[in-house]
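Analysis of the macromolecular model
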Amino acid sequence: MNTYSQMPSRVKTLISKYGRDVQLISKTNSGTSYDPTISEKPVVVKAVVFDIKESTIGGTITKQGDKKFMVYTDKAIDQSMSIKDTGETYQIVDIEITKPGDTLLVYSILGRK
């Protein structure tokens with residue numbers, strides 16, 4: 001029987017088993033506001049990827065081509081990031097975090113081309 005303390009490792013195991021590698025891309029500006037120099041830093045994470053069937057997720061209206069990514073990572077994810085999957089780049093438009101107490105379980109991300 002699974003206990004609460006085993007949930008994070010179980011989620012990580014399932015995403016590793018059924019997911020695939022995607023790139024989580026963060027952007028940083030090393031220039032100024034009037035002359036930005038944007039650099040991208042990709043990090044490979046495992047994600048289970050779903051086509052969207054719902055019309056709304058987290059109050060956000062979905063569009064054709066949107067994808068849902070279930071990601072387990074120790075990295076903090078925010079909407080300034082993007083996800084690259086099978087050659088396509090998706091901007092993160094919504095994030096739902098499953099985090100009972102202080103235990104992060106999974107990020108549920110809505111990605112848009």
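Residues numbered from 1 in each chain as written. Predicted model: local features only at pLDDT ≥ 70, side-chain atom pairs only at ≥ 80, totals over all residues. Heavy atoms only, no water.

1. Digging into the environment of Tyr 34
By secondary structure assignment, the location of Tyr 34 is in the loop between strand E1 (20-29) and strand E2 (38-51). Put simply, Tyr 34 and Lys 12 are 22 residues apart on the chain and 42 Å apart in space, counted from C-alpha to C-alpha. (Helix = DSSP H or I, 4+ residues; strand = E, 2+ residues; numbered from the N terminus.)

2. Points about the packing of aromatic side chains
Counted under the stated rule, the structure contains one aromatic pair. Ring geometry for Phe 69 versus Tyr 90: centroids 5.5 Å apart, planes at 65°, classification edge-to-face. With Phe 69 in strand E5 (residues 67-71) and Tyr 90 in strand E7 (residues 88-98), the pair connects residues that are 21 residues apart, well separated along the chain. (Phe/Tyr/Trp six-rings, centres within 6.5 Å; stacked < 30°, edge-to-face > 60°.)

3. Some words on the pattern of salt bridges
Note that side chains of opposite charge can pair when their charged atoms are close. Evaluation of the coordinates by the stated rule reveals five salt bridges. Ionic pairing is found between Arg 112 and Asp 66, a salt bridge with its closest N-O pair at 2.9 Å. With Arg 112 in strand E8 (residues 106-112) and Asp 66 in the loop between strand E4 (60-61) and E5, this residue pair connects regions lying 46 residues apart in the sequence. The salt bridge involving Glu 88 is made with Lys 113; its shortest N-O contact spans 3.9 Å. Placement of the pair is Glu 88 in strand E7 and Lys 113 in the segment after E8, with a sequence separation of 25 residues. Judged by its relative accessible area of 35%, Glu 88 is partly exposed. (Salt bridge = Lys/Arg side-chain N within 4 Å of Asp/Glu carboxyl O. Buried < 20%, exposed > 50% of the residue type's maximum accessible area, 1.4 Å probe, protein only.)

4. Things to note about the side chain of Asp 85
Within the element layout of this structure, Asp 85 appears in strand E6 (residues 82-85). Among the residues examined, Asp 85 registers a relative accessible area of 2% and is labelled buried. Separated by 2.8 Å, the side chains of Asp 85 and Arg 20 make a polar contact. Among all residues touching Asp 85, those that are not within four sequence positions of it are Arg 20, Asp 21, Val 22, Val 49, Phe 69 and Tyr 90. (Polar contact = N/O pair within 3.5 Å; in protein donor to acceptor, adjacent residues only side chain to side chain. Contact = heavy atoms within 4.5 Å.)

5. Observations concerning the sheet that holds E6
An order of E1-E2-E5-E8-E7-E6 is seen for the six strands of this closed barrel, with the pairing classed as antiparallel. Neighbouring strand axes in the sheet, compared pairwise and without regard to direction, differ in orientation by 45° on average. The sheet contact formed by E6 and E7 spans four bridges and is antiparallel. What sits directly across from Lys 84, in E7, is Thr 89. On the sheet, helix H1 (residues 7-18) packs against E1, E2, E5 and E8 and is oriented at approximately 90° with respect to E2. (Pairing = 2+ DSSP bridges. Axes fitted to C-alpha atoms, helices over the stretch in contact; angles between N-to-C directions.)

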